[in-house]
Amino acid sequence: MGRITEDLIRRNAEHNDRIIFSLEELSLHQQEIERLEHLDKWCRDLKILYLQNNLIGKIENVSKLKKLEYLNLALNNIEKIENLEGCEGLMKLDLTVNFIGELSSIKTLQHNIHLKELFLMGNPCADFDGYRPFVVATLQQLKWLDGKEIERSERIQALQNFSVTERQIREQEKAYRLRRAQDKEEAQRKLQEENENQEKKSHPGFDGRSFTDIAATLPSSVESKDHHLQSSEIQEGEYNKNTRSISEIQEGEYNKNKLGDCDDDLEFWNKPSLFTPESRLETLRHIEKQRKDQEKLSEKKKTVKAPRTLITKDGKALNVNEPKLDFSLKDDEKHNQIILDLAVYRYMDTSLINVDVQPTYVRVMVKGKPFQLVLPAEVRPDSSSVKRSQTTGHLLICMPKAGEVITGGHQTSMPVKSTSDSSMEQTNKRSKQVERLEVDPSKHSFPDVANIVQGNKHAPRRVRPEPTIILSEEGPGFEDNPEVPPLI
């Protein structure tokens, strides 16, 4: 059963930064609340309050909510309208599907002068003869009743026949109170019978033994065999028989209890029940009992898994991939190392990953789940490195091989040779070498380019003009003809 707590209100006040003193709207529906409390002290600025589909049996502790404009108490166990006189700003009240049988209790709403809408459908009082005229005549400030607008002619007619309608309503209320008292007695009797049945089920069986005393139900022939058999092998076989029979009996008892619970549940939902607050509470108790039984059953079914074997008793490592990750193992001969590419989840935090490199295997713990892989060659753990991609999240583990030289290019071998072999190789090398004459570099006549550049570094460079060639007009055998114009 739920209660109104400060934590509950703060969790439903996220739209107001979890601040409750200035809260104007609050929704506490479907919380199995049985009592209205603390709201008039903690949330005095409330304007809208949703409390539908709970188990509230009485309207209380809301009289100090002066700013409250809309109160929703639909689908609760309210039997009487009361304690709303202090809600001065109340404009809309929803009491749909409750257990209000005292229709005359609506007179307490006459002080709520701003009340315009009222919902009472689904209540026992809504089935009374003259229900609507009585409400329309009693609450003259109302504009809407059960979603239907109140017309002026309807109110005039209701006021004219109010005395007769009021007398009918009082008689029907009296009959309802008698029926309600009988329903309460019937509910009390059923509750007492249920408690007695539960006590009988919890008591031992008719023969004085408990229902769980299974060892006593074993056949006597099995017990006599244990006394007369002397061979250890036969005794072991009989012990296995006994334990098997005990487990079978326990399983049979469990199945019987399960079937009995199913039958009880089916009988509960099939039996007819009255529409009363007690029946709603009974249904809720039954659902809670089912939920608790299911939780107990799930706890029993939970078996602690044995830790996964990573290394056998003889020291052999096993291949394990409990997190079910994709991976690739590559032998990089160029750099003489083994590379493991493990596809770790992209958005997983790196702090949840633990890598352990051993000479013969590598182990990666991902959120407590082991990934272990046996390596094809022995590696050096102290020289290994681990990197993680920031884009894909993959884990790259580089493990150099042990006992070999790691170079940037090809692998070089250094064999041990004898002195005779080395001397022969030296003579061969000398014979293959080409002898060249040494020349004194100072006797060369070619210029030193570096010195030339340095010497003329700061000297200005002069550009000589190119000589112009003037063609002479006169030449051998030239005759000047005055009749010929000049070539310009």
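Residues numbered from 1 in each chain as written. Predicted model: local features only at pLDDT ≥ 70, side-chain atom pairs only at ≥ 80, totals over all residues. Heavy atoms only, no water.

With that out of the way, let us pick up the pattern of salt bridges. Applying the stated criterion across every chain yields a total of 15 salt bridges. For aspartate 7, the salt bridge goes to arginine 11, with nearest N and O atoms at 3.1 Å. Taken as a pair, aspartate 7 and arginine 11 lie in helix α1 (residues 6-11) at a separation of 4 residues, close to a single helical turn. For aspartate 7, a relative accessible area of 45% corresponds to the partly exposed category. Each of Glu79, Arg180 and Glu278 takes part in salt bridges that share partners, so that together they form one network. (Salt bridge = Lys/Arg side-chain N within 4 Å of Asp/Glu carboxyl O. Helix = DSSP H or I, 4+ residues; strand = E, 2+ residues; numbered from the N terminus. Buried < 20%, exposed > 50% of the residue type's maximum accessible area, 1.4 Å probe, protein only.)

Right, let's talk about the pairing of strand β10 (residues 337-342) for a bit. With 5 of its 6 residues buried, β10 lies for the most part within the structure. In this sheet, β10 lies alongside strand β9 (residues 327-332) in antiparallel orientation, the contact comprising 6 bridges. Across the sheet, leucine 329 pairs through a bridge with leucine 340, a residue of β10. Between the antiparallel neighbours β9 and β10 lie 4 residues, among them asparagine 336 with a positive phi of about 55°. With 6 bridges connecting them, β10 and strand β15 (residues 395-400) associate as antiparallel partners. Of the residues in β15, the one forming a bridge with aspartate 341 is leucine 396. (Pairing = 2+ DSSP bridges.)

Of the pairings in the sheet, the one linking strand β14 (residues 385-388) to β15 comprises 4 bridges and is antiparallel in character. Across the sheet, the residue bridging to serine 385 is cysteine 398, located in β15. Hairpin connection, β14 to β15: the antiparallel pair is bridged by 6 residues, and glycine 393 has positive phi, about 85°.

A separate point is the packing of aromatic side chains. A complete count under the given rule lists 3 aromatic pairs for this structure. For the ring pair tyrosine 50 and tyrosine 70, a centre distance of 5.6 Å and an interplane angle of 90° mean the geometry is edge-to-face. Residue tyrosine 50 is found in strand β2 (residues 48-50), and its partner tyrosine 70 is found in strand β3 (residues 70-72); the two are separated by 20 residues along the sequence. For tyrosine 50, a relative accessible area of 22% gives the class partly exposed. Of the residues examined, tyrosine 70 reaches a relative accessible area of 14% and is grouped as buried. Where phenylalanine 327 meets phenylalanine 371, the ring centres are 5.2 Å apart and the plane angle is 70°; that geometry is what we call edge-to-face. Within this pair, whereas phenylalanine 327 is found in strand β9, its partner phenylalanine 371 is found in strand β13 (residues 369-374), the two being separated by 44 residues in sequence. For the cation-ring pair, lysine 92 lies above tyrosine 70, with the distance from its terminal atom to the ring centre recorded as 4.7 Å. (Phe/Tyr/Trp six-rings, centres within 6.5 Å; stacked < 30°, edge-to-face > 60°. Lys NZ or Arg CZ within 6 Å of the ring centre and 35° of its normal.)

Right, let's talk about the sheet that holds β10 for a bit. Spatially, 4 strands are ordered β9-β10-β15-β14 in an open sheet, and the strand pairing comes out antiparallel. Each end of this open sheet is capped by a strand with a single partner; those strands are β9 and β14. The sheet shows a mean angle of 15° between the axes of neighbouring strands, taken without regard to direction. (Axes fitted to C-alpha atoms, helices over the stretch in contact; angles between N-to-C directions.)

Among the structural elements, asparagine 321 can be located in strand β8 (residues 320-321). Beyond its immediate stretch of four places on either side in the chain, asparagine 321 contacts Phe327, Pro370 and Phe371. Looking at asparagine 321, its side chain comes within polar contact range of the main-chain nitrogen of lysine 324, at 3.1 Å. A distance of 2.9 Å separates a polar side-chain atom of asparagine 321 from the backbone oxygen of leucine 325. (Contact = heavy atoms within 4.5 Å. Polar contact = N/O pair within 3.5 Å; in protein donor to acceptor, adjacent residues only side chain to side chain.)

Spatially, the 7 strands line up as an open sheet ordered β1-β2-β3-β4-β5-β6-β7, and their pairing is mixed. In the strand order of this sheet, the two ends are held by β1 (25-27) and β7 (148-149), each with one partner. For β2 and β3, the ladder comprises 3 bridges, and the chain directions are parallel. Counterpart to leucine 49 in the pairing with β3 is leucine 71.

Turning our eyes to something else, we now look at the confidence of the model for the chain. Here the chain averages 78 in pLDDT, and 70% of its residues register 70 or above. The model gives residues 206-247 a pLDDT under 50, and that stretch makes 25 contacts with residues more than four places away or in other chains. Note that pLDDT drops below 50 for residues 405-419; the model gives that stretch 11 contacts with residues more than four away or on any other chain. (pLDDT = per-residue confidence, 0-100.)

Assignment of secondary structure puts arginine 155 in helix α4 (residues 152-160). Of the side chains bearing the opposite charge, glutamate 154 lies closest to the buried arginine 155, which forms no salt bridge; the N-O distance is 7.9 Å. Among the polar contacts made by the side chain of arginine 155, one reaches the main-chain carbonyl oxygen of leucine 139 at a distance of 3.4 Å. Leave out the neighbours within four places in its chain, and arginine 155 touches Val136, Leu139, Gln140, Leu142 and Ile150. (Lys, Arg positive; Asp, Glu negative; His and termini not counted.)

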